[in-house]
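Listed below are the residues making up each chain.
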Amino acid sequence: MIVVNVDVMLARRKMTSGELAQKVGITPANLSILKTGKAKAIRFSTLNSICEALACQPADILEYKNEEAF
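Position labels on residues start from 1 in each chain and follow its written sequence. pLDDT decides what is reported in this predicted model: residues at 70 or higher carry local features, side-chain atom pairs at 80 or more are listed and counted, and totals for whole chains, interfaces and linings draw on all residues regardless. Calculated side-chain values reflect all of the structure's heavy atoms, with hydrogen atoms and water omitted.

1. Some remarks on helix α4 (residues 44–54)
Short version of the rule: A 1.4 Å probe rolled over the protein chains alone gives each residue an accessible area, and that area as a share of the maximum for its type sets the label: buried under 20%, exposed over 50%, partly exposed in between. Helix and strand assignments come from DSSP, with helices taken as H or I runs of at least 4 residues and strands as E runs of at least 2, each series counted from the N terminus. Here the arc refers to the set of directions running from the helix axis out to each C-beta atom.
Along α4, the positions that sit buried rather than exposed are T46, L47, I50, C51 and L54. Considered in projection along α4, the buried side chains sweep an arc of 135 degrees and stay on one side of the axis. Projecting away from the buried face of α4 at angles above 90 degrees are the exposed residues F44 and E52. Following α4 by one or two positions, A55 has its phi on the positive side, about 50 degrees.

2. Brief notes about the pattern of salt bridges
Rules: Salt bridges, as used here, are contacts in which a Lys or Arg side-chain nitrogen is within 4 Å of a carboxyl oxygen on Asp or Glu.
For the structure shown, the criterion picks out one salt bridge. A salt bridge links D7 to K35; the nearest nitrogen and oxygen atoms lie 3.2 Å apart. With D7 in helix α1 (residues 6–13) and K35 in helix α3 (residues 28–35), this residue pair connects regions lying 28 residues apart in the sequence. Look at D7 and you get partly exposed, because its relative accessible area is 43%. Overall, K35 belongs to the partly exposed group, its relative accessible area being 22%.

3. Observations regarding the nonpolar core
Selection criterion: Definition of nonpolar core: a set of buried residues of the types Ala, Val, Leu, Ile, Met, Phe, Trp, Tyr and Cys, connected through side-chain atoms within 4.5 Å. Residues are treated as being in contact if the distance between any of their heavy atoms lies within 4.5 Å.
By size, the foremost hydrophobic cluster in this structure holds 16 residues, and its most contacted members are V6, L20, L54 and I61. Put simply, the parts of the chain that give this core at least two residues each are α1, α2 (17–24), α3 and α4. If one sorts the elements of this core by residue count, α4 sits on top with four residues. Excluding its chain neighbours within four sequence positions, the residues that come into contact with V6 are L20, L31, L34, K35 and I61.

Shape is all these values report; function is a separate question.
Set out below in structure tokens:
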């Protein structure tokens, strides 16, 4: 299972979802879908923009967890 940690990085950077959406160039609704883990895919260009805006690595945003652990 892939876990999306955008909320964690937003809190660390003291940034709102709206600010991130604006910097990345996506709608707040699409960012919300990503944050809640409901997204089926993410473009590398979007991931790149998120990492630039949050000054982080892709591994800070996306994490793999074994489903058996849940």
